[in-house]
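For reference, the chains in residue letters:
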Amino acid sequence: MHRRAVGIFVLMLATALSVGAHVGSSDVFFEGDAGAYHLYVTVRVPQVIPGIAEIEVRSASNDVEKIEIVPMRLSGAGSDFPPTPDVAERSKQDPHFFTGSLWLMESGALKVRVSVEGSKGKGELAVPVPAFARRTLPMERSLGGLLGFLMVFLAVGLVFIAGAASREGNLEPGETPSPAKKRRARVVMAITAVVVLGILFLGKAWWGAEATNYKRTVSFFKPPLAETELQNGNRLVIRAKGQDPEWSKEVNMDEVIPDHNHLMHLFLISAPGMDRMWHLHPEREGSKFVDDLPDIPAGHYEVFADIVDKAGFPWTLVGQVDLPQINGAPLTGDDSTWTGTALTPQSADASVAQLADGGRIVWEKGSAPLVANTAMVFKFKVEDKDGNPVKDMQQYMGMAGHAEFVSADMSVFAHIHPAGSASMAALELANGAPNGPPNGACGITDQCVMPTGMAMPMPAQVSPEVSFPYGFPKAGEYRIFVQVKRAGQVEAGVFDAHVQ
Ligand SMILES: [Cu+2]
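Treat the numbers as computed from the prediction; the structure is a model and nothing was measured.

Asks: I tried to follow the overall build of the protein chain on my own but got confused; where do I start?
Replies: Per the secondary structure count, the protein chain includes five helices and 27 strands. A total of 500 residues make up the protein chain; the buried ones form 48% of that total. Put simply, 68% of the contacts in the protein chain that link residues at least 6 apart link residues at least 24 apart. Carbon together with sulfur atoms contributes 56% to the accessible area of the protein chain, which is approximately 23,600 Å² in total.

Asks: Sorry, what's going on with the nonpolar core here?
Replies: Considering soluble globular proteins, one finds that nonpolar side chains tend to be buried as a cluster. Grouped together as the largest cluster of nonpolar side chains are 34 residues, with contacts concentrated most on Leu266, Leu268, Leu293 and Ile296. Looking at this core, the elements that each hand over two or more residues are β11 (235–241), β12 (265–270), β13 (276–280), β16 (299–308), β17 (314–323) and α5 (424–430). When residues in this core are grouped by element, the largest group, five residues, is from β16. The contacts of Leu266, once residues within four sequence positions are left out, are Leu236, Ile238, Trp278, His279, Leu280, Pro282, Val303, Phe304 and Ala305. Within the second largest apolar cluster, 32 residues are counted, among which are Leu110, Val114, Val129 and Ala419.

Asks: Just to check I follow, could you spell out the pattern of salt bridges for this structure?
Replies: A side chain of one charge can pair with a side chain of the opposite charge if their charged atoms are brought near each other. Applying the stated rule across the entire model yields 16 salt bridges. Its salt-bridge partner being Arg44, residue Glu56 comes within 3.3 Å of it at the nearest N-O pair. Of this pair, Glu56 sits in strand β3 (residues 51–59) while Arg44 sits in strand β2 (residues 37–44), and the two are twelve residues apart along the sequence. The closest approach of N and O atoms between Arg486 and Asp392, which form a salt bridge, is 2.9 Å. Taken together, the residues span a long stretch of sequence, with Arg486 in strand β26 (residues 476–486) and Asp392 in the loop between β21 (376–383) and β22 (393–394) at a distance of 94 residues. Assessed through its relative accessible area of 6%, Arg486 is described here as buried. Members of the salt-bridge network, linked through shared partners, are Asp357, Asp392, Arg486 and Glu491.

Asks: Is there a simple way to explain unusual backbone geometry in this structure?
Replies: Peptide bonds are, in most cases, trans, and in most cases residues other than glycine have a negative phi. The linkage connecting Ala271 with the following residue, Pro272, adopts the cis geometry, with an omega of -10 degrees. Looking at the secondary structure, you find Pro272 in the loop between β12 and β13. Phi is positive for Asn373, which is not a glycine, with a value near 60 degrees. The class of Asn373 is partly exposed, set by a relative accessible area of 47%.

Asks: How do you make sense of the side chain of Lys111 when you look at a structure like this?
Replies: With respect to the secondary-structure elements, Lys111 resides in strand β8 (residues 108–118). With sequence-adjacent residues up to four places away left out, Lys111 is seen in contact with Val70, Pro71, Met72, Arg73, Leu74, Ser79, Ala126, Val127, Pro128, Val129 and Ala430.

Asks: Where do I start with the coordination of the copper ion in this structure?
Replies: For a metal with four tetrahedral donors the ideal donor-metal-donor angle is 109.5 degrees, whereas six octahedral donors ideally subtend 90 or 180 degrees. Taken together, the protein ligands of the copper ion are His260 (NE2), His402 (ND1), His415 (NE2) and His417 (NE2), with distances of 2.0 to 2.3 Å. Coordination geometry of the copper ion: the four donor atoms subtend angles of 89 to 140 degrees at the metal centre, consistent with an arrangement described as irregular. Here the donor residues of the copper ion share one chain and are spaced in sequence as H-x141-H-x12-H-x1-H. Linking His260 in the loop between α4 (246–250) and β12 with His415 in strand β24 (residues 413–416), this pair joins segments that are 155 residues apart in sequence. Judged by its relative accessible area of 4%, His415 falls in the buried class.

Asks: Mind showing me how you'd approach the sheet that holds strand β19 (residues 352–354) here?
Replies: Within a sheet, each strand pairs with its neighbour through backbone hydrogen bonds, oriented either parallel or antiparallel. Strand order in the open sheet formed by four strands is β19-β20-β21-β25, with antiparallel pairing between adjacent strands. Across the chains shown, the open sheet's two edge strands, defined by having one partner strand only, are β19 and β25 (465–470). Put simply, the sheet's adjacent strands are angled 20 degrees from each other on average, direction ignored. Where β21 meets β25, six bridges bridge the pair, whose relative direction is antiparallel.

Asks: Can you help me understand the packing of aromatic side chains in this one?
Replies: Ring pairs (aromatic) are described by centroid distance and by the angle formed between their planes. Inspection of every chain in the model, using the stated rule, returns 19 aromatic pairs. Measuring from centroid to centroid gives 5.4 Å for Phe29 and Tyr470, while their planes differ by 65 degrees, and the two rings are edge-to-face. Here Phe29 is found in strand β1 (residues 28–34), whereas its partner Tyr470 is found in strand β25, with 441 residues between them in sequence. A single burial state applies to Phe29 and to Tyr470, both of which are buried. Residues Phe149 and Phe153 carry aromatic rings whose centres are separated by 6.1 Å and whose planes lie at 25 degrees to one another, so their mutual orientation is stacked. With Phe149 and Phe153 both in helix α2 (residues 141–168) and four residues apart, this pair spans about one turn of that helix. A residue is classified by how much of its surface remains accessible, and Phe149, at 54% relative accessible area, is exposed. With a relative accessible area of 55%, Phe153 lands in the exposed category.

Asks: Honestly, a nonpolar patch on the surface in this entry has me stumped. Any pointers?
Replies: A surface patch of nonpolar side chains, amounting to about 620 Å² of accessible area, comprises Leu146, Leu147, Phe149, Leu150, Phe153 and Leu154. Tracing the chain through its elements places Leu150 in helix α2.

Asks: Looking at this structure, I do not really get the pairing of β26. What am I missing?
Replies: Remark: a regular strand shows side chains that alternate across the two faces of the sheet. Of all eleven residues in β26, ten are buried, a share of seventy percent or more. When β22 meets β26, the two strands line up antiparallel, connected through two bridges. The partner of Met393 across the bridge, within β26, is Arg486. One ladder, built from six bridges, connects strand β23 (residues 402–407) with β26; its direction is antiparallel.

Asks: Could you clarify how one ought to interpret empty space enclosed by the protein in this entry?
Replies: Here the idea is plain: a probe the size of a water molecule rolls over the atoms and shows the empty space left. Throughout the structure, instances matching the rule amount to two cavities of 30 Å³ or more. For the largest cavity, the calculated volume is near 240 Å³. Along the wall of the largest cavity there are 26 residues; nearest its centre are His22, Pro314, Ser421, Ala422 and Ser423. Looking at the lining of the largest cavity residue by residue, the class counts come to twelve nonpolar, eleven polar and three charged.

Asks: For this particular structure, what's the right way to read the sheet that holds strand β6 (residues 89–90)?
Replies: Judged by pairing direction, the sheet is antiparallel, and its five strands sit side by side in the order β1-β2-β3-β7-β6 without closing on themselves. Among the strands making up the open sheet, the edge pair consists of β1 and β6. With seven bridges connecting them, β1 and β2 associate as antiparallel partners. Looking at the pairing, Val28 lines up with Val43 of β2.

Conventions and cut-offs
Residues numbered from 1 in each chain as written. Predicted model: local features only at pLDDT ≥ 70, side-chain atom pairs only at ≥ 80, totals over all residues. Heavy atoms only, no water. Helix = DSSP H or I, 4+ residues; strand = E, 2+ residues; numbered from the N terminus. Buried < 20%, exposed > 50% of the residue type's maximum accessible area, 1.4 Å probe, protein only. Contact = heavy atoms within 4.5 Å. Areas by Shrake-Rupley, 256 points an atom, 1.4 Å probe, with all protein chains shown as cover. Core = buried A, V, L, I, M, F, W, Y, C linked by side-chain atoms within 4.5 Å. Salt bridge = Lys/Arg side-chain N within 4 Å of Asp/Glu carboxyl O. Donors = N, O, S within 2.8 Å, 3.2 Å for Na, K, Ca; no water. Tetrahedral: all angles 85-135°; square planar, octahedral: opposite > 155°, others 65-115°. Pairing = 2+ DSSP bridges. Axes fitted to C-alpha atoms, helices over the stretch in contact; angles between N-to-C directions. Phe/Tyr/Trp six-rings, centres within 6.5 Å; stacked < 30°, edge-to-face > 60°. Patch = residues over 30% accessible without salt bridge, like charges linked within 9 Å, V, L, I, M, F, W, Y side chains within 5 Å. 1 Å grid on protein atoms, 1.4 Å probe; cavity = no way out; pocket = protein on both sides within 12 Å on 5 of 7 lines; lining within 4 Å. Points joined across faces, edges and corners; volume = space filled by probe spheres on them. Nonpolar A, V, L, I, M, F, W, Y, C, P; charged D, E, K, R; others polar.

Next up, the structure:
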């Protein structure tokens, strides 16, 4: 009952707000190692904060005996002193699967620490969780009616009880109250009514103050917009325009931190249809970002710009831009592009994407339908023109691949890596890099985040198989852009998916 009361209070205070990390896709998906144990972790972030996050952990091996989970701040004060962890419950049907619920008490850059015990000893990892309120949960009308009725009943009852106590409190049984006592009782009732009304008034004022205060603290999480401007024919300028004045105070664009080699990952996707896509890396100039665009046909483009603030909170700035024909510089560095056919519902669920050299990327999709709100592992195999696994795979920005999951209406945009949906910068912070992204240190997975401008060490072999843990947030048509690098060339396989 007490929990329910707290819940009602929280529901009433929560205010309407929307996305932060990614767009329309707030759950966190993760794949990585806790010591000797390979884990898949999903964190279902609550719609309101404070709220309950649902944690799902799947172990790849069957030697796990116990899993403990605890929420903490991602970095800074509080990140070293966790509360007592909860023990995740093992599924009776599936011994590899563990679940638990955690209260997230504050907004911002948090992490969930997962500790594993088993026959191979102990292991630990941390999954970054951007926590933010996303919607209003209005009070149900029936509940409001019931509470209103109870309030009136109690208030009126209190007045009558006070009157009766004064009038008949010290009468003998059977005795009738004197006119003087009746008069006094009426005065007591009037005073009680004034006091009760006063308490109700003060209560309403307190409630209103709390609600305003809550609104002020969470309104920070209104996502900033990407404001674009084209200068000198091919220079795109991107500014973050906070929808709330508090935003620019909280996120200083001068203090964003590099996330897999770049301060910003900019995606331009043609709309509607998504038949063209660019993945670019603008440079920062003061508090704005600029990019000298490559050749781009005239058209309408959706803009998604990923940045990570110094606390490790990932932001996707969203905007649109109408571009004239751009005659620009050739693509350089990590910049890449893809052109193909438009997304149509009929073309849904393709599992093979042809590459320019006759090779292809094959999505090992399996026969099961794609279902929303289900954690999945998306596996892709890169083959040469003879159907053999390619041997020329390289790291692309420190990883075997990058994938963008985009819904047909552009209301969902998620930039995913083999380690999952968390930004690489946040993963490094969560797992103990004290001063932001480390200098070439590798985190819990074998993916290394390198500071901007440093040469990437080329590992001997990058597997021609790349996988991404993710789950579609809602039903509909999606396009998945899978980007890999082969022999110095970035290639994209594009897959359309119908999600139930
Ligand atoms: Cu990426």
